[in-house]
Amino acid sequence: MTFAQRGLTRRQFGAGLASLVTVAAATARSEAALPTIDTHAHVFHRGLKLAPGRRYAPDYDAPLALYLEQLDRSGMSNGVLVQPSFLGTDNSYLVDCLKQANGRLRAIAVVDPAVSAEELRALDRAGVVGIRLNLVGQPLPDLAAGEWKALLGQVKAMGWQVEIQRNAADLAVLAPQLLDHGLTIVLDHYTLPDPKLGVADPGFQSVLKLGATKNVWVKISAPYRNGAAGEEFAKQAYPLLRNAYGLDRLLWGSDWPHTQFEATQTYAKNREFLDALIVDNSERAQVLASPRQLFRF
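Residues numbered from 1 in each chain as written. Predicted model: local features only at pLDDT ≥ 70, side-chain atom pairs only at ≥ 80, totals over all residues. Heavy atoms only, no water.

## Here's the deal with the nonpolar core
- Residues Ile164 and Leu241 are the most contacted members of the largest nonpolar core, which totals 74 residues.
- For Ile164, the residues in contact, after removing those within four places along its chain, are Leu133, Leu135, Leu171, Leu174, Leu178, Ile185, Val186, Leu187 and Asp188.
- Judged by nonpolar contacts, the second largest core, of ten residues, contains Val82, Ile108, Val129 and Leu294. (Core = buried A, V, L, I, M, F, W, Y, C linked by side-chain atoms within 4.5 Å. Buried < 20%, exposed > 50% of the residue type's maximum accessible area, 1.4 Å probe, protein only. Contact = heavy atoms within 4.5 Å.)

## So, a negative patch on the surface
- Together, Asp112, Glu118, Glu119 and Glu147 line one region of the surface with negative charge.
- Structurally, the position occupied by Glu119 is in helix H4 (residues 117–126). (Patch = residues over 30% accessible without salt bridge, like charges linked within 9 Å, V, L, I, M, F, W, Y side chains within 5 Å. Areas by Shrake-Rupley, 256 points an atom, 1.4 Å probe, with all protein chains shown as cover. Salt bridge = Lys/Arg side-chain N within 4 Å of Asp/Glu carboxyl O. Lys, Arg positive; Asp, Glu negative; His and termini not counted. Charge placed at Lys NZ, Arg CZ, Asp CG, Glu CD. Helix = DSSP H or I, 4+ residues; strand = E, 2+ residues; numbered from the N terminus.)

## Some remarks on the sheet that holds strand E6 (residues 184–187)
- Read from one edge to the other, the open sheet built from eight strands follows the order E1-E2-E3-E4-E5-E6-E7-E8, with strand pairing classed as parallel. The open sheet has two free edges, formed respectively by strand E1 (37–41) and strand E8 (250–253), since each of these has just one partner strand. Going from strand to strand, the sheet's axes swing by 25° on average, the running direction of each strand aside.
- In this sheet, E6 lies alongside strand E5 (residues 161–165) in parallel orientation, the contact comprising four bridges. Within the sheet, the bridge partner assigned to Ile164 lies in E6 and is Leu187.
- The sheet contacts of helix H8 (residues 230–245) involve E6, strand E7 (216–221) and E8, and relative to E7 the element is tilted by about 160°. (Pairing = 2+ DSSP bridges. Axes fitted to C-alpha atoms, helices over the stretch in contact; angles between N-to-C directions.)

## Considerations on helix H7 (residues 202–209)
- Among the residues of H7, those classed as buried are Gly203, Phe204, Val207 and Leu208. The buried residues of H7 all sit within an arc of 145° when viewed along its axis, so they share a single face. Facing away from the buried side of H7 by more than 90 degrees, the exposed set consists of Pro202 and Lys209.
- Buried residues along H7 sit in contact with helix H6 (168–180), E6 and H8.
- Looking at where H7 begins, the residue whose side-chain oxygen comes 2.8 Å from the main-chain nitrogen of Gly203 is Asp201. (Arc of directions from axis to C-beta. Polar contact = N/O pair within 3.5 Å; in protein donor to acceptor, adjacent residues only side chain to side chain.)

## Some thoughts on helix H3 (residues 92–101)
- Among the residues making up H3, those that are buried are Tyr93, Leu94, Val95, Cys97, Leu98 and Ala101.
- Asn102 lies just past H3 and shows a positive phi near 55°.

## Side note on the packing of aromatic side chains
- Enumeration over the complete set of coordinates arrives at eight aromatic pairs.
- Where Phe204 meets Phe233, the ring centres are 6.0 Å apart and the plane angle is 70°; that geometry is what we call edge-to-face. Taken together, the residues Phe204 in helix H7 and Phe233 in helix H8 connect sequence positions 29 residues apart. Here Phe204 and Phe233 have matching classes, each one buried. (Phe/Tyr/Trp six-rings, centres within 6.5 Å; stacked < 30°, edge-to-face > 60°.)

## A few points about the pairing of strand E2 (residues 78–82)
- A large share of E2 lies buried, amounting to five of its five residues.
- Of the two faces of E2, the one lined by Asn78, Val80 and Val82 and the one lined by Gly79 and Leu81 are each fully buried.
- Note that E1 and E2 share three bridges and pair parallel. Of the residues in E2, the one forming a bridge with Ile37 is Asn78.

This is the structure:
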């Protein structure tokens, strides 16, 4: 069919083609400008007061400057600091790091259920966007208790998230309780199914169903915390999580400085594993950018 038969002049066709090229170029620039966000890292130094009853305490420093260096080396635009369990509910160093980073970072705090609304608002102003429940080795909280109901109500009112680290079988029970409070939930480290069962763990299969709520996110982080065959498990789990949650509800995290796994892990190694896990560049870019709204970047 000729230009004339299509009702187009050569000039109109050329203009249309130029417009398409312009749109394609703009799209490419937009994709190139997408943020790349590391949603899980810890900072600390040995001079900080440690929490009583801690399960672990590092014998080295992981200061803010060193973390920012990891981000720069790996081409990451932003990061999220997660309060480590061994520092308990003293978030002062976390807040200091947020101030020094001048908006490049956000944070997830650990708080006492009886924390005051004023303290939560101060954390919010500093760049904290949620609370963490690190329940590994801990009894499950009674979310029906008065102080928990009050805390969760304040978390919801501020638009914060609740990040949970716990095995998949318990997450399958705990997450629906939090969803009943109308909360946004983030599940750590592929949801930590039984390493012996991997993706066949009934708890993991139940967690997959939570994707339908559209109010749960999963961190594809720290495969090494899922047993000796953690990377192989991650490769099996990723397509299942992608299908259940969608790319916009999967979050990558470095888990730097890989506490208790320092001897075998590095930031670069974990960033490279993401490339092996998600080989499609545009798909990987979407996962790295998806935390932008959730973490208020």
